[in-house]
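Fold and contact review
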Amino acid sequence: MANPKRAWKLQEFTAHGADVKCVGLGHKSGRVMVTGGDDRKVNLWSVGKPHCIMSLTGHTTSIEAVRFGHAEEMVIAGSLSGALKVWDLEQAKILRTLTGHKAGIKSLDFHPYGDYAASGSMDCNVKLWDIRRKGCIYTYKSHTGCVNCLRFSPDGRWIASAGEDDVVKLWDLTAGKLLTDLKLHKGPVNVVEFHPHELLLASGSSDRTIKFWDLETFQLVSSTEGDSTGIRSIAFHPDGMCLYSGSHDMLKVYGWEPVHCFDAVSIGWSDVCDMSISNTQMIGASFYKTNVSSFVVNLESVRPLGGSQATNSNRRESSGLSNSRKIFVTERPPTQSTKQASEPKQSDEPAEKTEEGEDASAADIQNPAEYRELFQGNIRQAHVNPPRVEPFRPPADDSAADAEPVRQRSADKNERGAQNIKPSRPVERSPPPQKRSPRQANDISAEDFMPKQPEQVTGTLSENEVLDFIANGHNAMMTVMSNRSRNLQIVRAMWTSGNLKTAIDSAISMNDPAVLVDVVNILNLKTSLWNLDLCTILLPKLKELMSSKYECYVVTAGQAIKLVIRNMGQTIKTNLTAPPGIGVDISREERNKKCSRCHTALMDIRSMIEKRRDAAGKLASLYKEILLLMSTLD
């Protein structure tokens, strides 16, 4: 008998009228897909079928991140403006529009129990949202780069966030604080996933490695060897026996104690963006321009589930599961009523005003029959069992022929019904769990995620105390602005006296990025002032500004770098490639030294930008322009 086909392309279809920006799979069934695009639409699909089920509109900028709820009854979408919209798929209507981020959304996740969600943004912040009460519960600030991915722990008490700053951060939601930094990656961290049972975390990075972290000791368990490309997506098997890793055109299967690659499967999915496991199949999704592609992997033909290591007796031994590591307690706790009369907890920051509201949002059902089957079919009696799901069949040949359509199974009402039955009175909460110990699942309310403030202990602040608090913040801001104004006056005095180089040196020595950005903005308007001396001084500082978490700083530095390359690039290249002169020419040697320093600084900037070329929005076009100009220096 011929060996069963291990992987194949299920379909490719046009998903949007403009470039696709994000794709998410339903991880409960593996049979539904949501996409977001530059056309500002969120579209829903049945995996294996090319017809859009429903199109959700209302965002005013491109959709940068999408995610299904755990029961596939909700979808959350984040846009380039920083706004989020949450949709109820069973009722085909918008639930909430959430605003507060100052830059585009890059990652989203739903809490495993309560009606909460988390978002990670290009503004370097992680926000926790209460979907029921329409507000931000808390903002977690510590990353210095874009938050590429975040995940709730299976018990809902932690968030792991992966950053462009090469760091994985673990947050304790109950204490409202950072637990630890996991810093051993040497490139941007693209994905993180919690083990479904054990206190174990996996992180995948552009440094082409996956690292496994023990969440009792916060120490590294093991690390894979460098892959051929960066890690784009990871997923634990639901039984926790292995980890699947998706990189460019490749799926690998790993165990971690010790680290071991069980199998590798070549798949033409380019950069896979999401993976979902359903029964004995894995579904992978990727996108390119306006098209979305889906792929199927037959896990029964991939070790450790298939092949020579497929027997039940040796699966656990070969997978690397630990018998001693503690586990998450994932039983769903009793929750408070969603309709309590108490006032909603206010966000720690005022919401940013955006043009996106709920009134302009609409759900356009384009395939009513399939919509009823997939989403309204979730509303069923508790005793009705879901039908058996037939696996996707491989095509008869190796071509990308359309597979036979497979009917989508409905979600299990037993779990949905239990989650929707909530007591009418609050349930007393247990004390927060202790660090580094198995944590019990307790009642979940917004107050659980708020750090304990002094006023919560001593009582309500008096009017005078509130005024003092406001005055202190105002005085601190005035001090900062006064210092900035004074420093700018000093630079201006030196500049107007005719000594530009001394003025620039003075601005740099003040060690105030805001002052330096103000000066660079002026130089960007006065292109005739740029010379080799100025480039030698400023290029190392422009590199530092390019690493700033403030987008305006990066844009200013990028514009200056483009001016340097356009005005001085040819001079730098000519001096470095010219043959050595005859005799002693001190001025020529000095000029060569300056050109060499400028070239080194530009190559350092180029290397940094190449690591961030996947950025979205205004920065993406800026990075592309700079890299294109730098090609003239080769």
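What counts, and at which threshold
Residues numbered from 1 in each chain as written. Predicted model: local features only at pLDDT ≥ 70, side-chain atom pairs only at ≥ 80, totals over all residues. Heavy atoms only, no water. Helix = DSSP H or I, 4+ residues; strand = E, 2+ residues; numbered from the N terminus. Buried < 20%, exposed > 50% of the residue type's maximum accessible area, 1.4 Å probe, protein only. Contact = heavy atoms within 4.5 Å. Areas by Shrake-Rupley, 256 points an atom, 1.4 Å probe, with all protein chains shown as cover. Pairing = 2+ DSSP bridges. Axes fitted to C-alpha atoms, helices over the stretch in contact; angles between N-to-C directions. Core = buried A, V, L, I, M, F, W, Y, C linked by side-chain atoms within 4.5 Å. pLDDT = per-residue confidence, 0-100. Phe/Tyr/Trp six-rings, centres within 6.5 Å; stacked < 30°, edge-to-face > 60°. Lys NZ or Arg CZ within 6 Å of the ring centre and 35° of its normal.

Let's talk about the overall build of the protein
Scanning the protein from terminus to terminus reveals 11 helices and 29 strands. Of all 634 residues assigned to the protein, the portion counted as buried reaches 53%. Considering only intrachain contacts with a sequence separation of at least 6, the fraction spanning at least 24 residues in the protein is 58%. With the model as given, the accessible surface of the protein reaches about 29300 Å², and the carbon-plus-sulfur share is 50%.

Digging into the sheet that holds strand β8 (residues 84-88)
Read from one edge to the other, the open sheet built from 4 strands follows the order β6-β7-β8-β9, with strand pairing classed as antiparallel. Each edge of the sheet is formed by a strand with only one pairing partner; in this case those strands are β6 (63-68) and β9 (93-98). Within this sheet the neighbouring strands show an average axis-to-axis angle of 20 degrees, counted without direction. Across 5 bridges, strand β7 (residues 74-79) lies against β8 in antiparallel orientation. Bridged to Gly78 within β8 is Leu84.

Observations concerning the nonpolar core
Ranked by size, the top nonpolar core spans 52 residues in total, and within it Ile504, Trp530, Leu539, Met546 and Ile561 carry the most contacts. Listing elements by their share of this core, those giving two or more residues are α6 (500-509), α7 (513-525), α8 (532-546), α9 (551-577), α10 (586-611) and α11 (618-630). Among the elements that take part in this core, α9 stands out by supplying 11 residues, more than any other.

Focus on the confidence of the model for the protein
Confidence in the prediction of the protein, expressed as mean pLDDT, is 80, and 78% of residues score 70 or more. This stretch, residues 334-348, has a pLDDT under 50; its non-local contacts, to residues over four places away or in other chains, come to 35 contacts. Within the model, the stretch residues 399-442 combines pLDDT values under 50 with 99 contacts to residues more than four positions away or in other chains.

Quick look at the packing of aromatic side chains
Tallied over the full model, the rule gives 10 aromatic pairs. Ring geometry for Trp158 and Phe218: centres 6.2 Å apart, planes at 50 degrees, overall tilted. With a gap of 60 residues between them, Trp158 in strand β15 (residues 158-163) and Phe218 in the loop between β20 (210-214) and β21 (219-223) connect regions that are remote in the sequence. The class of Trp158 is buried, set by a relative accessible area of 2%. Look at Phe218 and you get buried, because its relative accessible area is 8%. Their ring planes at 85 degrees and their centres at 5.9 Å tell us that Phe194 and Phe328 sit as a pair that is edge-to-face. Taken together, the positions of Phe194 in strand β18 (residues 189-194) and Phe328 in the loop between α1 (312-319) and β29 (362-365) put the pair 134 residues apart, joining distant regions of the chain. The exposure class assigned to Phe194 is buried, which follows from its relative accessible area of 7%. Here the aromatic cluster, defined as three or more aromatic residues joined through ring pairs, consists of Tyr138, Tyr140 and Trp171. Of note, Arg31 hangs over the ring of Phe392, and the distance from its end group to the ring centre comes to 4.1 Å.

Some words on the sheet that holds β29
Strand pairing in a sheet relies on backbone hydrogen bonds, with the paired strands running either antiparallel or parallel. Overall, antiparallel pairing links the 5 strands, which are arranged β2-β3-β4-β5-β29 in an open sheet. At either end of the open sheet lies a strand with only one pairing partner, and these are β2 (20-25) and β29. On average, each strand axis in the sheet is tilted by 20 degrees relative to the strand beside it, whichever way the strands run. Pairing geometry for strand β4 (residues 42-46) and strand β5 (residues 54-57), over 3 bridges, is antiparallel. Pairing of Leu44 across the sheet is with Met54, part of β5.

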